[in-house]
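Understanding the architecture of this molecule
Here are the chains, one letter per residue:
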Amino acid sequence: MKRVMCVLLMIVFCGAFLMSCSMPLKNSKEVKQRIVVQLDQDYWLASVGRMLKEHFPDVEFDFVISRGGAQYLNDAAVNDDLADIIIDASSWTQTSTLDDDYDINPEEYLYDFSWTDITNMFYKVYLDGFTNEDGSVNWLPGSASVEGILANTELFDEYGIQLPYNYDTFVEACNKFGEYGIRGFATDYKYDCTDSYMLQAWSIPLLQSSKGRIWRNDASEGNVDYLPDELGTQLFSRLEQVFKDTGVQVEDVSRGYSVTFEDFVSGRVAMIRQSTNIAEYQAEGMTSLMLLPYFGETENDDWYFSTPGYSVAMNGKLKGAGKREELALDIVRYFFSSEVMNAMPDRR
């Protein structure tokens, strides 16, 4: 009987010992999965960074802030220092032009989303611009920034001027404001990106034509780095007409963002080129604002210019990484939830 009792006690003891080994100690902390997220805007830390930590409490997030764009990502790839998840405005699709010592293909370093269910979250027409020739998808477009002509409607009411509804009435409004010493339309021509936006935005119907689509496709794939004579003449002729109708002067080449902002807030300019991000104007007490389209020759040619506000990519080394890969994909899915996309423009 004593031997039987000893055996039973030994079994119970061993069982208890093994159970204690398999159960985490009450005061012990389980090791969290570490995910490095690169952001190119520091204000995303307070909004999106906080939301990620709350939604994924078992993940240890390391945030890297960089505004270096494609060049920074190029360097990170070469030095094997790419973040796990990259949220960037540049959509790194080209090799570096600053240093020809290393020409790399970003597709070789980034994760391919084409086989995942995440691509089903996007309209095909929007995702087509992010799809490579072989069908792979390395970047996912974030919430779009819709750009148009931002009008101070309070100024229109004050001077009894009708809001434009086509190009002719847009020009008419500019001329009437000119009679009162107010500029009808202005923007920050100092920057190359503004000139590019203006050239495209006022000619979207032309760029949507068959010849426009062919050129855009060839240019995006790097097959051409010039504008065909006929298409180029049409694009610049249209922009030249806009310049004349809005009273653009030579000195406008030095007009920057701050000047345009101050002129619009103070009522010296009635309309500006602007996106839907108007919080900074509202902070100045401007509540009577309306985003008008870029006007074409007919009503069907009126367009808003839309570009992704940011893009999301993953490090290609996560492919085949098991649970870590699944976790990273879950985080990317969360980036396209309504709550996160609504928080992305938050600069607080």
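Counting of residues starts from 1 at the beginning of each chain's written sequence and follows it residue by residue. Local features in this predicted model are restricted to residues of pLDDT 70 or higher, and side-chain atom pairs are both shown and tallied only at a pLDDT of 80 or more, whereas totals for entire chains, interfaces and linings draw on every residue. To get the side-chain values, all heavy atoms of the structure are used, and hydrogens and water are removed first.

A few words now on the environment of Leu-73. By the criteria applied, helices consist of DSSP H or I runs no shorter than four residues and strands consist of E runs no shorter than two, each listed in order from the N terminus. Note on placement: Leu-73 falls in helix H3 (residues 69–78). Each residue is assigned to one of three classes by its accessible area relative to the maximum for its type, calculated with a 1.4 Å probe on protein chains only: buried under 20%, partly exposed between the two thresholds, exposed over 50%. Taking the relative accessible area as the measure of exposure, Leu-73 reaches 0% and is therefore buried.

Turning next to the confidence of the model for the chain. Detailed reading of the predicted model is not advised wherever pLDDT is low. Each residue carries a pLDDT score, the predictor's own confidence in it, on a scale running from 0 to 100. Residue-level pLDDT values for the chain average 83, and 84% of them are 70 or greater. Whether two residues are in contact is decided by their heavy atoms: any pair within 4.5 Å suffices. Contacts from residues 4–28, a stretch scored under 50 in pLDDT, to residues over four places away or in other chains number one contact. This stretch, residues 94–101, has a pLDDT under 50; its non-local contacts, to residues over four places away or in other chains, come to eleven contacts.

This part takes up the pattern of salt bridges. Salt bridge criterion: a side-chain nitrogen from Lys or Arg within 4 Å of a carboxyl oxygen from Asp or Glu. In total, this model carries 15 salt bridges according to the counting rule given. Between Arg-273 and Glu-147 there is a salt bridge whose closest N-O contact spans 3.0 Å. Of this pair, Arg-273 sits in strand S7 (residues 269–275) while Glu-147 sits in strand S5 (residues 144–152), and the two are 126 residues apart along the sequence. Across the salt bridge formed by Arg-273 and Asp-188, the nearest N and O atoms sit 3.3 Å from each other. Taken together, the positions of Arg-273 in strand S7 and Asp-188 in the loop between strand S6 (183–186) and helix H7 (192–201) put the pair 85 residues apart, joining distant regions of the chain. The class for Arg-273 is buried, based on a relative accessible area of 13%. Several salt bridges share partner residues, and in doing so they unite Arg-183, Asp-252, Arg-255, Asp-263 and Arg-268 into one network.

Moving on: helix H6 (residues 167–179). When the terminal C-alpha atoms of H6 are compared, their 19 Å separation across 13 residues agrees well with the 18 Å that a helix rising 1.5 Å per residue should span. Turning to H6, its buried residues are Tyr-167, Thr-169, Phe-170, Val-171, Ala-173, Cys-174 and Phe-177. As used in this structure description, the phrase polar contact means that two N or O atoms lie within 3.5 Å; if the pair is within protein, one of them must be able to donate a hydrogen and the other to accept it, and residues adjacent in sequence are counted only when both atoms belong to side chains. A distance of 3.3 Å separates the backbone nitrogen of Asp-168 from a side-chain oxygen at the start of H6, and that oxygen is part of Asn-166. Downstream of H6 by one or two residues, Gly-181 has phi in the positive range, about 75 degrees. For a helix, the expected span equals 1.5 Å multiplied by the residue count minus one.

So, about the packing of helix H2 (residues 44–55) against helix H13 (residues 323–335). At a closest axis distance of 12 Å, the pairing of H2 and H13 adopts a crossing angle of 130 degrees. Classified by the angle between their axes, H2 and H13 sit oblique to one another. The two elements H2 and H13 meet at a crossing, and its hand is right-handed. Where H2 approaches H13, its residues Val-48, Met-51, Leu-52 and His-55 are matched on the opposing element by Ile-331, Tyr-334 and Phe-335. Charged means Asp, Glu, Lys or Arg here, nonpolar means Ala, Val, Leu, Ile, Met, Phe, Trp, Tyr, Cys or Pro, and polar covers whatever is left, Gly included. Taken together, the residues of the contact of H2 with H13 break down into six nonpolar, one polar and no charged. Only C-alpha atoms enter the line fits that serve as axes; for helices the fit covers just the stretch in contact. Angles between N-to-C directions range over 0 to 180 degrees. Roughly parallel covers angles under 35 degrees, roughly antiparallel covers those over 145, roughly perpendicular covers 65 to 115, and oblique covers all other angles. We call a crossing left-handed when the near helix sits turned anticlockwise from the far one by less than a right angle, and right-handed when that turn is clockwise.

Residue position: Thr-116 is located in the loop between strand S3 (85–88) and helix H4 (124–127). The exposure class assigned to Thr-116 is buried, which follows from its relative accessible area of 7%. Reaching out from Thr-116, the side chain makes a polar contact with the backbone nitrogen of Ile-118 at a distance of 3.3 Å. Apart from residues lying up to four places away in sequence, Thr-116 is in contact with Tyr-111 and Leu-329.

This brings us to the nonpolar core. In terms of nonpolar packing, the biggest core is built from 46 residues, with Ile-85, Ile-87 and Phe-335 touching the most fellow members. Of all elements in the fold, only strand S1 (33–39), H2, strand S2 (59–65), H3, S3, strand S10 (311–314), H13 and helix H14 (338–343) reach the threshold of two or more residues within this core. With seven residues, the single largest contributor to this core is H13. Beyond its immediate sequence surroundings of up to four residues, Ile-87 is in contact with Val-37, Gln-38, Leu-39, Asp-40, Trp-44, Tyr-310, Ser-311, Val-312, Phe-335 and Met-344. Counting residues in hydrophobic clusters, the runner-up holds 31 residues, among them Trp-202, Tyr-294, Phe-295 and Phe-305. Think of a nonpolar core as a cluster: buried Ala, Val, Leu, Ile, Met, Phe, Trp, Tyr and Cys residues, connected wherever their side-chain atoms sit within 4.5 Å.

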